[in-house]
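An overview of the molecular structure
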Amino acid sequence: MRQGTIIDRDHRTNTTKTISTMKDIIEFRGKSEDSGKWIFGDLMVHQPFLEENFYIKSNKKGPITWEKIKPITIGQYTGFSIRGQKIYHGDIIKIREENESGIDHIIYCVVVWVKEWGMFATLLADEYSKYLESGVDELDDLLIWTYTLEDTDSIKHFICGNIFDHKELLNK
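Here goes a summary of the coordinates provided. Just so it is clear, the structure is predicted and the values come from calculations on it, not from any experiment.

1. Some remarks on the sheet that holds strand 7 (residues 75-82)
- Taken in spatial order, the six strands line up as 6-5-4-3-7-8 in an open sheet, and their pairing is antiparallel. Pairing within the sheet leaves two strands with one partner each, and these edge strands are strand 6 (66-69) and strand 8 (85-88). When the angles between neighbouring strand axes are averaged without regard to direction, this sheet yields 55°.

What follows is the structure, given as structure tokens:
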């Protein structure tokens, strides 16, 4: 966890006050190459002899263990949660919306780190496919708006899986 405090200093009175405190939790998850189970914790990249290996140090109590991870499954914690469940890169979020007639409409979005934008975005399944195929240029042309992670902790949002274990949800 990274922590920081923003302090304001009044030079006239030589006093300080805390304006805000920042706590960034930097955490990753990935699937173990050995067991196939999800491991959560700190990420390490090891490159002996030009071969990249990825490891996650488990956050569990007890002796420190590093698990070798399947690189394709690595996802960073976004800093947001839905009802206490952490949201990671690669999660699929189900959003219930009502249309003008009051009828529920279900939308599935993928949580993706878009490095060109410097942010996590929630992309619809077709936007996600186009992003994988063509990169951010396709999104810039296609995307007028996106669902934000800031408003995910409502009764209309659910984490229903991820792109590694539940790809079929993107076809709905």
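2. Some thoughts on the environment of Val 110
- Within the fold, Val 110 resides in strand 10 (residues 104-114).
- Note on Val 110: relative accessible area 0%, which makes it buried.
- Through-space distance from the C-alpha of Val 110 to that of Ile 159 is 9.9 Å; in sequence the pair is 49 residues apart.
- Those residues in contact with Val 110 that sit more than four places away from it in its chain are Asp 91, Ala 121, Thr 122, Leu 123, Tyr 128, Ile 163 and Leu 170.

3. With respect to the pairing of strand 9 (residues 91-98)
- Both strand 9 and strand 12 (residues 157-162) contribute to a ladder of five bridges, which runs antiparallel. Paired with Asp 91 across the bridge in strand 12 is Asn 162.
- In terms of strand pairing, strand 9 meets strand 10 through seven bridges, oriented antiparallel. Note that in strand 10 the partner of Glu 97 across the bridge is His 105.
- Counting the residues in the hairpin turn of strand 9 and strand 10 gives five residues, including Gly 102, whose phi is positive at 85°.

4. Quick word on the sheet that holds strand 10
- Ordered by their spatial adjacency, four strands build an open sheet running 11-10-9-12, and the pairing between neighbours is antiparallel. Here the strands that pair on one side only, and so sit at the sheet edges, are strand 11 (119-124) and strand 12. This sheet shows a mean twist of 35° between the axes of neighbouring strands, independent of strand direction.
- Relative to the sheet, helix 1 (residues 125-134) contacts strand 10 and strand 11, its axis offset from that of strand 11 by approximately 120°.

5. Here's the deal with a nonpolar patch on the surface
- A grouping of Met 44, Ile 64 and Trp 66 is seen on the molecular surface, where their side chains present a nonpolar patch of about 310 Å² in accessible area.
- Mapped onto the fold, Met 44 is located in strand 4 (residues 38-46).
- Given the relative accessible area of 32%, Met 44 is considered partly exposed.

6. Topic: unusual backbone geometry
- Positive phi values are uncommon outside glycine, yet Arg 83 reaches one of about 45°.
- Looking at the element boundaries, Arg 83 is found in the loop between strand 7 and strand 8.

7. With respect to the state of the cysteines
- Summed over all chains, the structure comprises zero disulfides.
- Of all cysteine sulfurs in the structure, the one in Cys 160 sits closest to Cys 109, which takes part in no disulfide; the separation is 9.7 Å.
- What makes Cys 160 partly exposed here is its relative accessible area of 26%.

Here is what the cut-offs are and how they apply
- Residues numbered from 1 in each chain as written.
- Predicted model: local features only at pLDDT ≥ 70, side-chain atom pairs only at ≥ 80, totals over all residues.
- Heavy atoms only, no water.
- Pairing = 2+ DSSP bridges.
- Helix = DSSP H or I, 4+ residues; strand = E, 2+ residues; numbered from the N terminus.
- Axes fitted to C-alpha atoms, helices over the stretch in contact; angles between N-to-C directions.
- Buried < 20%, exposed > 50% of the residue type's maximum accessible area, 1.4 Å probe, protein only.
- Contact = heavy atoms within 4.5 Å.
- Patch = residues over 30% accessible without salt bridge, like charges linked within 9 Å, V, L, I, M, F, W, Y side chains within 5 Å.
- Areas by Shrake-Rupley, 256 points an atom, 1.4 Å probe, with all protein chains shown as cover.
- Salt bridge = Lys/Arg side-chain N within 4 Å of Asp/Glu carboxyl O.
- Disulfide = S-S within 2.5 Å.

So far we have only geometry, and geometry alone does not tell us how the molecule works.
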